[in-house]
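Coordinate analysis (summary)
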Amino acid sequence: MARLELIEPVYAESNEIEYIHTPEYIEKARRYAQREIPLDPDTVLCKDSFNVALLAAGGAITAVNAVLDKADSSFALVRPPGHHAEPDRGMGFCIFNNIAIAARHAQKKGKKRVLIVDWDVHHGNGTQEAFYDDPSVLYFSTHQYPHYPGTGWLDEVGSGDGKGYNINVPLPAGTDDAGFIAAFEEILVPSALEFRPDIVLISAGQDAGAGDGLAGMKMSVNGFAELAYIVRSIAKETSDGRIAAALEGGYDLKLLAHSVSAILEVFLGKEPEKKEYIPSTRIRERLDEVKKVQSEFWRFR
Ligand SMILES: [Zn+2]
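So, here is what we can say about the structure in this document. (Residues numbered from 1 in each chain as written. Predicted model: local features only at pLDDT ≥ 70, side-chain atom pairs only at ≥ 80, totals over all residues. Heavy atoms only, no water.)

1. Thoughts on the overall build of the protein chain
For the record, the criterion: Secondary structure counts use DSSP, requiring at least four H or I residues in a row for a helix and at least two E residues in a row for a strand, with both numbered from the N terminus. When accessible area is computed with a 1.4 Å probe and restricted to protein chains, residues below 20% of their type maximum are described as buried, those above 50% as exposed, and intermediate ones as partly exposed. For this analysis, residues touch if any pair of their heavy atoms sits within 4.5 Å. Each accessible area is a Shrake-Rupley result for a 1.4 Å probe, and residues are judged covered by the shown protein chains and nothing else. Note that His is not counted, nor are the chain ends; the positive residues are Lys and Arg, and the negative ones are Asp and Glu. Note that the charge is assigned to NZ on lysines, CZ on arginines, CG on aspartates and CD on glutamates.
A count of helices and strands for the protein chain gives nine helices and six strands. Each principal axis of the C-alpha atoms in the protein chain carries an extent, and together these give about 50 × 40 × 40 Å. The buried share of the protein chain, reckoned over its 301 residues, is 57%. Of all intrachain contacts in the protein chain linking residues separated by at least 6 positions in sequence, the fraction that spans at least 24 positions is 78%. Accessible area of the protein chain: about 12,800 Å², with a carbon and sulfur share of 49%. When the 32 positive and 44 negative side-chain charges of the protein chain are each reduced to one mean point, those points stand 3 Å apart.

2. Things to note about helix 9 (residues 281-294)
To be explicit about the condition: Expected span of a helix: the number of residues minus one, times 1.5 Å. The arc in question is the one traced by the directions running from the helix axis out to the C-beta atoms.
A rise of 1.5 Å per residue sets the reference length of helix 9, with its 14 residues, at 20 Å; its end C-alpha atoms lie 20 Å apart and thus fit the reference within 8%. Considered for burial, the residues of helix 9 that qualify are Ile283, Arg286, Leu287, Val290, Lys291 and Gln294. Looking down the long axis of helix 9, one finds its buried residues gathered within 140° of arc, a one-sided arrangement. In helix 9, the exposed positions that point more than 90 degrees away from the buried face belong to Thr281, Arg282 and Lys292. Buried-residue contacts for helix 9 involve strand 4 (166-171) and helix 6 (177-195).

3. Things to note about the packing of aromatic side chains
Put simply, the test is: Ring geometry is summarised as follows: Phe, Tyr and Trp rings, the Trp one being its six-membered ring, pair when their centres sit within 6.5 Å, and such pairs are stacked at plane angles under 30 degrees, edge-to-face over 60 and tilted between the two. Think of it as a cone above the ring: NZ of Lys or CZ of Arg counts as a charge over the ring if it is within 6 Å of the ring centre and within 35 degrees of the ring normal.
The final tally for this structure, using the stated rule, is 11 aromatic pairs. Summarising the aromatic geometry, the rings of Phe75 and Phe267 are spaced 6.5 Å apart at their centres and angled 45° between planes, so their arrangement reads as tilted. Taken together, the residues Phe75 in strand 1 (residues 73-76) and Phe267 in helix 8 (residues 253-267) connect sequence positions 192 residues apart. Look at Tyr165 and Trp298: their rings are 5.7 Å apart centre to centre, the planes differ by 85°, and that puts the pair in the edge-to-face class. Separated by 133 residues along the polypeptide, Tyr165 in the loop between strand 3 (137-144) and strand 4 and Trp298 in the segment after helix 9 bring together distant segments of the chain. Judged by relative accessible area, which is 23%, Tyr165 ranks as partly exposed. For Trp298, a relative accessible area of 6% translates into the label buried. Counting every residue linked through ring pairs, the aromatic cluster contains Trp119, Phe140, Phe184 and Phe224. The residue whose ring lies beneath Arg113 is Phe195, and the NZ or CZ to ring-centre distance is 4.3 Å.

4. Some words on the sheet that holds strand 4
Here is the rule we go by: Whether two strands pair comes down to DSSP finding at least two bridges between them. Lines are fitted to the C-alpha atoms to define the axes, a helix being fitted only along its stretch in contact, and any angle between axes, read from their N-to-C directions, falls within 0 to 180 degrees.
Ordered by their spatial adjacency, six strands build an open sheet running 1-6-5-2-3-4, and the pairing between neighbours is parallel. Single-partner strands in this sheet number two, and they are strand 1 and strand 4. Adjacent strand axes in the sheet meet at a mean angle of 15°, parallel and antiparallel pairs treated alike. Each of strand 2 (114-118), strand 3 and strand 4 touches helix 6; the most contacted strand, strand 3, lies at about 175° to it.

5. Some points on the layout of surface pockets
Here is the rule we go by: The pocket and cavity definitions rest on a 1 Å grid over protein atoms only: a 1.4 Å probe that fits but cannot leave marks a cavity, an open set with protein on both sides within 12 Å along at least five of seven lines marks a pocket, and residues lining either have an atom within 4 Å of a point. Grid points are joined across faces, edges and corners, and a volume is the space filled by probe spheres set on the points. Residues are grouped as follows: Ala, Val, Leu, Ile, Met, Phe, Trp, Tyr, Cys and Pro are nonpolar; Asp, Glu, Lys and Arg are charged; all remaining types, including Gly, are polar.
As a volume, the largest pocket reaches approximately 770 Å³. Looking at the largest pocket, it is lined by 30 residues, and the ones nearest its centre are Glu5, Leu6, Ile7, Ser74 and Phe75. Listed by contribution, the elements that provide at least two residues to the lining of the largest pocket are helix 3 (49-69), strand 1 and helix 8. Sorting elements by how many residues they give to the lining of the largest pocket places helix 3 first, with nine residues. Across the lining of the largest pocket, the residue classes break down as 18 nonpolar, five polar and seven charged.

6. Things to note about the side chain of His105
On the secondary structure map, His105 appears in helix 4 (residues 98-108). Excluding its chain neighbours within four sequence positions, the residues that come into contact with His105 are Glu16, Tyr19, Ile61, Val64 and Asn65.

7. Some remarks on the coordination of the zinc ion
So the rule is basically this: Water is not among the atoms examined, so metal sites may look incomplete; donors are the N, O and S atoms within 2.8 Å of the metal, or within 3.2 Å for Na, K and Ca. Irregular is the label for any site that misses the other tests, which are tetrahedral for four donors with all angles between 85 and 135 degrees, and square planar for four donors or octahedral for six when opposite donors exceed 155 degrees and the remaining angles lie between 65 and 115.
Looking at the metal site, the zinc ion is ligated by Asp120 (OD), Asp120 (OD), His122 (ND1) and Asp207 (OD), spaced 2.0 to 2.7 Å from it. Each of the four donor atoms bound to the zinc ion contributes to angles spanning 53 to 153°, and the resulting shape is irregular. With relative accessibility at 0%, the residue Asp207 sits in the buried group.

8. Quick notes on helix 7 (residues 221-238)
Defined as follows: N or O atoms within 3.5 Å of each other form a polar contact, as long as, within protein, one can give a hydrogen and the other can take it, and as long as residues adjacent in sequence are counted only when both atoms are side-chain atoms.
The end-to-end C-alpha distance of helix 7, which contains 18 residues, comes to 26 Å, matching closely the 26 Å that a straight helix rising 1.5 Å per residue would cover. Counting buried positions along helix 7 gives 13 out of 18 residues, so the element sits mostly inside the fold. Measuring from the backbone nitrogen of Asn222 back to the side-chain oxygen at the start of helix 7 gives 3.4 Å, which picks out Ser220 as the cap. Downstream of helix 7 by a residue or two, Asp240 has a phi angle that is positive, lying close to 50°.

9. Looking at the side chain of Arg232
The condition that has to hold: Salt-bridge detection follows one rule: a side-chain nitrogen of Lys or Arg within 4 Å of a carboxyl oxygen of Asp or Glu.
As for its position among the elements, Arg232 is in helix 7. Despite its burial, Arg232 pairs with no opposite charge, the nearest such side chain being Asp72 at 5.7 Å. In contact with Arg232, other than residues within four places in its own chain, are Ile243, Val266, Phe267 and Gly269.

Dropping the structure here:
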């Protein structure tokens, strides 16, 4: 059994935040935190927020460094989350886009092709926007739809050279393990194996868990282990097992703790409990719609 090691994060440098964000926005976040002005109604700031956001982004960078160095996998247990933060604005509790910054950092370190898997219940509008015209980053997101932040419909597939490198799987409220697992097995796995990433990153928000107060999905703790297991299998086949995850949402703290623990156990080599998963007809139809749109770019069964 592999060993779990605690790694201290470092603060991101402002040039690293600039991999994704504009200098004007970074300065605005610094100033607003100093004056304790919210970035948007959801994204309140206190005096410490700016430095804590640098530490969260630095944590995601540290997680990437860990897997480029000696670890097979890593999990940045950071807050604030990041995937709603766009290049020029923070929103939805997010100040800097930790996972997007980590992706660019991995590329600076020579990992050209990056897969970002975002299973947070909300669509990662910020991550989508950061790489929308970029074919070197494949962004895959499952999320409740319609729901905050409103983006993430299946026809948002990327633009220019990045066309086809953005895969949205919008799922109806009430989707359970079976729906998520089917989306991963039928859509993520074939496209990721064809893309062949050099490193795999996860926007690991566990707010699709049953009972989370900010959404209406029905994932179980074992369901998150299943998703982690699928992503780990992809990483093993394409990128020497390299996976770096960063925490996003998850607002039922007990459920969040158990889900993160289950994901870490999978990273350490445990197999999830095997069950039979049969998605509903409604989910089946939605997955077929996504495949139809994405089959212009990827081969599905
Ligand atoms: Zn979320």
